[in-house]
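Now for the letters of each chain:
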Amino acid sequence: FKGLELPQDSQLCVVSIIRSGDILLEAVRKLHPGIKVGKILIQRDESTADKQAVLYYKKLPKDISNCFVLLVDPMLATGGSLICATDVLVENGVSPSNILFVNLFSVEEGLERVQQKFPDMKILTLAIDDYLNADKYIVPGVGDFGDRYYGTDD
């Protein structure tokens, strides 16, 4: 993938991991107003030790298998949500080599886990934070990105 050049003959689609991913979706749609949009709702099960990702909802363009997909979510901690979302895309015909995950903050542990399962998927991250704490939160991190952005934090 070279800069802003799309692979030849590809269509572009952006898929957000709801809700925080919608923040980056808004930015992509400002740059490309007519882009196809997909949504995947995944939440961590906080009652499990590994914070297992649970899929609740998906809505994808019918021709997504023919698209280059920008998958967006601002945080990558354990990698569970990203792996779950990528599994959904692969099940719908998208090759991991046609996925670019765009996010803001990651940790090495999550990046390694994702790359082990999907070595052909590209990842663009703004910063790699230090580590995950015992609760599997990014340290130093920024807290709950969606709550902070939407003003719903306690």
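Below or above, wherever it landed, is the structure these notes cover. On a predicted model such as this, the values are computed, not experimentally measured, just so you know. (Residues numbered from 1 in each chain as written. Predicted model: local features only at pLDDT ≥ 70, side-chain atom pairs only at ≥ 80, totals over all residues. Heavy atoms only, no water.)

1. A word on the overall build of the protein
Basically, it comes down to this: Every helix listed is a DSSP run of H or I at least four residues long, and every strand listed is a run of E at least two residues long, numbered separately from the N terminus. Accessible area is worked out with a 1.4 Å probe on protein chains only. A residue is then buried under 20% of its type maximum, exposed over 50%, and partly exposed in between. Computed with a 1.4 Å probe, the accessible areas rest on the Shrake-Rupley method; for each residue, only the protein chains presented here act as cover.
Within the protein, the secondary structure is distributed over four helices and nine strands. From first element to last, N terminus to C terminus, the protein shows the α and β order β-α-β-β-β-β-α-β-α-β-β-β-α. For the protein, with 154 residues in total, the buried portion stands at 41%. Roughly 8,600 Å² of accessible area belongs to the protein as shown, and the carbon and sulfur atoms make up 51% of that amount.

2. Digging into the environment of Glu 91
Here Glu 91 lies in helix 2 (residues 80-91). A relative accessible area of 65% places Glu 91 in the exposed class.

3. A word on the packing of helix 2 against helix 3 (residues 108-117)
The following threshold applies: Helix axes use the C-alpha atoms of the stretch in contact, all axes being lines fitted to C-alpha atoms, and the angles between their N-to-C directions lie in the range 0 to 180 degrees. Roughly parallel refers to an angle under 35 degrees, roughly antiparallel to one over 145, roughly perpendicular to one between 65 and 115, and oblique to any angle outside these ranges. Left-handed describes a crossing whose near helix is turned anticlockwise from the far helix through less than a right angle; right-handed describes the clockwise counterpart. When checking whether two residues touch, look at their non-hydrogen atoms; a contact exists if any pair is within 4.5 Å.
It is the contact of helix 2 with helix 3, at a shortest axis distance of 9 Å, that shows an interaxial angle of 25°. Regarding the angle of helix 2 to helix 3, the classification is roughly parallel. Judged by the twist between their axes, the crossing of helix 2 over helix 3 is right-handed. Residues Gly 80, Leu 82, Ile 83 and Asp 87 of helix 2 touch helix 3, and the partners they reach there are Arg 113, Val 114 and Lys 117.

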